[in-house]
Amino acid sequence: MELAQEEQDMLDGKYGEAVKQSMNILVSLGEIFGAKRLINIASVQIAGVSYHNLGEAGLDYLSDLARDGKVRVLTTLNPAGMDMENWETLGISPEFAEKQIKVIDAFKRMDVIATCTCTPYFIGNNPHFGEHVAWSESSAVCYANSVLGLKTNREGGPSALASALTGKTPEFGFHLDENRQAEITIEVKAKIQTIPDFGALGYAIGKKIGKKIAFIKGIEKASVEQLKSFCASIATYGGTALFHMEGITPNKTDIPQEFVEVSQEDIDNAKKDLNDDDAEIDIVAIGCPHLSLKEVEDVARMLDGKKVKKEMWVCVARPVKQTAENMGLIKIIEDSGAKIACDTCMAVAPLKGRFKGLATDSAKGCFYGRGKNSFKTKFATIHELIEEATK
Amino acid sequence: MSQIIEGRKVMKGRAEGEALVSSDGISFYGGVEPETGIVVEKGHPLEGQCITGKVLVFPTGKGSTVGSYALYQMKKLGKAPIAIINKEIETIVAVGAIISEIPCVDKIDIEKIKNGIKITVEADEGKVIIEGSE
């Protein structure tokens, strides 16, 4: 790989240890994956924030880098294992909280924006079409590449952080236009209207074609919230980092001859797969990925004047909560007995053993609820979930 | 006689030791206990075996990207393998090896490496030397 003088100086340690370590990671990855050079990036999204996932190892690593490392581009964080202010209400132990706070403090020392969310595009990490970024968080990567038209590989926590500390990423994979063309056409012949419909569509496509880049036809319209949910689902079940949707997403692509059909039966089967018949629901959670302001408003309207009789979490980025608070929406939600969870969600908080059955509108949430927390799951619309929680 | 297998450097360095060979991929997050170096993944071919101090040979990494940090933790606790040989590297193991400074090579025909043999990894040259093979 050819390095510019500044990049070589970074690698040689002239910009400190954290930069040297980071450059070493990026140059090594570039050489392994055949990059010819490093390119500048506009922003970073870092995963590997929950202490539940990081452990002592991750905390050590971050603390080492924080000795002299400072990020060089706009950098935001994935959800943590708890609400950084309201962790006690959500039943998090003081021991866990202490460790989680140390993790966030290490990121803060590196000048990372320590708002923890999987929807960085809702809080101002929003570069313009065509810019290169280095994002982790599979749903955000898929949204960035497909919906926003940014260019990013699926970064892991350490490589994203390395990019933040240097402002660079090796140019390979989805940074190159020739690797961003559709590989297969998907003809959707089903009614796709609700958030769970989009989640089920992501599940069905992901299971059928895996990581292949799809050109999806047959979707008449899709809101930002529906696309967010679709991205989370197709990335979870297919490992997808990029898709094209006719008339909806902005990237140019050739249209592949080879095609696969998604029928109404595929969607119905996906929903069946995500619903456990014997689920006894004791937690209802929405906001995977974190809710938009519009969704918070809808939820407040639905909960207005009602009382929830089950544990209910509404997961949202802190700046979105603060705006909603100014609009009086948070009070309505909290008056119902539902809890607002910022900085975290039901997928990354240490919930194993505390609950048995999770009801959610998120196909991704079902996957992590089952896998990490051994929950049974119910998959339904927000409207149905609120009926479930208030009945 | 010794046999040389050519591959590609992932992380520089040299190590010499006993090969521990797995036919399946390894997830360092959740698949191996960092405090002991013991493989804990249910049904894994190496389940119950310790990777500490071994030249660890497996096809490719799998699982969560947090695996890179788990490898780093093992190194800090003195429980890491002394070298890693992969058939095909992916980012989790690559980044883990780089930040933990564990010599690592890939593009190696790992079927030629028998479990328990003495093996030398010359990562700078991207090669592996099997001692005493015919």
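Above this text you will find the structure in question.
Residues numbered from 1 in each chain as written. Chains lettered and ligands numbered in written order. Predicted model: local features only at pLDDT ≥ 70, side-chain atom pairs only at ≥ 80, totals over all residues. Heavy atoms only, no water.

Chemist: Looking at this model, I keep getting lost on the overall build of chain B. Mind explaining?
Modeler: Regarding its fold elements, chain B presents two helices and 10 strands. Since a compact globule built from 134 residues should have a radius of gyration of about 14 Å, the 13 Å found for chain B is in line with a globular shape. Expressed as lengths along the three principal axes of its C-alpha atoms, the size of chain B is roughly 40 × 25 × 25 Å. Taking as baseline every contact in chain B between residues at least 6 positions apart, the subset at least 24 positions apart corresponds to 69%. Summed over all atoms, the accessible surface of chain B reaches about 5,600 Å², with 50% contributed by carbon and sulfur. Counting 16 positive and 19 negative side-chain charges, chain B places the averaged centre of each group 2 Å from the other. (Helix = DSSP H or I, 4+ residues; strand = E, 2+ residues; numbered from the N terminus. Rg over C-alpha atoms; globule rule 2.2 N^0.38 Å. Contact = heavy atoms within 4.5 Å. Areas by Shrake-Rupley, 256 points an atom, 1.4 Å probe, with all protein chains shown as cover. Lys, Arg positive; Asp, Glu negative; His and termini not counted. Charge placed at Lys NZ, Arg CZ, Asp CG, Glu CD.)

Chemist: Sorry if this is basic, but what is going on with the packing of helix 2 (residues 17-32) of chain A against helix 6 (residues 157-166) of chain A here?
Modeler: For any two helices packed against each other, one specifies the crossing angle of their axes together with the interaxial distance. Residues and elements named next belong to chain A. Contact geometry of helix 2 with helix 6 gives a least axis separation of 8 Å together with a crossing angle of 120 degrees. Between helix 2 and helix 6, the angle is such that the two are oblique. As helix 2 runs across helix 6, the sense of the crossing is left-handed. On the side of helix 2, the interface is formed by Ala18, Val19, Ser22, Met23, Ile25, Leu26 and Leu29, while helix 6 contributes Pro158, Ser159, Ala162, Ser163, Leu165 and Thr166. Here the residues of the contact of helix 2 with helix 6 are counted per class, giving nine nonpolar, four polar and no charged. (Axes fitted to C-alpha atoms, helices over the stretch in contact; angles between N-to-C directions. Parallel < 35°, antiparallel > 145°, perpendicular 65-115°, else oblique. Left-handed = near helix turned anticlockwise from the far one by under 90°. Nonpolar A, V, L, I, M, F, W, Y, C, P; charged D, E, K, R; others polar.)

Chemist: In this structure, what is going on with the sheet that holds strand 9 (residues 118-122) of chain B? I would like to understand it.
Modeler: Backbone-to-backbone hydrogen bonds join strands into a sheet, with any given pair of strands oriented parallel or antiparallel. Residue and element names in this part refer to chain B. Strand order across the open sheet formed by eight strands is 1-10-9-3-6-7-8-2, with mixed pairing between neighbours. Bordering the open sheet on either side are strand 1 (3-6) and strand 2 (8-11), each of which pairs with just one other strand. Neighbour to neighbour, the strand axes of the sheet diverge by 30 degrees on average, direction disregarded. One ladder, built from five bridges, connects strand 3 (residues 14-21) with strand 9; its direction is antiparallel. In the strand pairing of strand 9, glutamate 16 is matched with threonine 120. The sheet contacts of helix 2 (residues 91-100) involve strand 2, strand 6 (55-58), strand 7 (83-86) and strand 8 (104-106), and relative to strand 2 the element is tilted by about 65 degrees. (Pairing = 2+ DSSP bridges.)

Chemist: Is there a simple way to explain the nonpolar core in this structure?
Modeler: Side chains of a nonpolar character, in soluble globular proteins, are inclined to be buried together. Formed by 73 residues in total, the largest nonpolar core has its most connected members in Leu62, Phe107 and Met110 of chain A together with Phe28 of chain B. With eight residues, helix 2 of chain A is the single largest residue contributor to this core. Among all residues touching leucine 62 of chain A, those that are not within four sequence positions of it are Leu54, Val103, Ala106, Phe107, Met110 and Leu161 of chain A together with Tyr69 of chain B. Among the nonpolar cores identified, the runner-up in size contains 45 residues, and Cys142, Ala190, Ala200 and Ile213 of chain A belong to it. (Core = buried A, V, L, I, M, F, W, Y, C linked by side-chain atoms within 4.5 Å. Buried < 20%, exposed > 50% of the residue type's maximum accessible area, 1.4 Å probe, protein only.)

Chemist: How should the sheet that holds strand 7 (residues 184-189) of chain A be read in this particular structure?
Modeler: Residue and element names in this part refer to chain A. Overall, parallel pairing links the four strands, which are arranged 9-8-7-10 in an open sheet. Taken across any chain shown, the strands that pair with only one partner, and hence form the sheet edges, are strand 9 (243-245) and strand 10 (259-263). Along the sheet, successive strands turn relative to each other by an average axial angle of 25 degrees, direction set aside. Summarising the sheet, strand 8 (residues 214-217) and strand 9 pair through three bridges and their orientation is parallel. Across the sheet, alanine 214 pairs through a bridge with phenylalanine 243, a residue of strand 9.

Chemist: Mind showing me how you'd approach the pattern of salt bridges here?
Modeler: Once the charged atoms of two side chains with opposite charge are near each other, the side chains can pair. Residues and elements named next belong to chain A. This structure, assessed with the given rule, holds 34 salt bridges over all chains. Linking glutamate 56 and lysine 99 is a salt bridge whose minimum nitrogen-to-oxygen distance equals 3.1 Å. Of this pair, glutamate 56 sits in helix 3 (residues 51-65) while lysine 99 sits in helix 4 (residues 94-109), placing them 43 residues apart in sequence. On the accessibility criterion, lysine 99 (24% relative accessible area) is partly exposed. Close ionic contact of lysine 331 with aspartate 335 constitutes a salt bridge, the shortest N to O distance being 2.8 Å. Of this pair, lysine 331 and aspartate 335 both sit in helix 12 (residues 329-335), four residues apart, which is roughly one turn of that helix. (Salt bridge = Lys/Arg side-chain N within 4 Å of Asp/Glu carboxyl O.)

Geometric descriptors of this kind do not, in isolation, establish any biological role.
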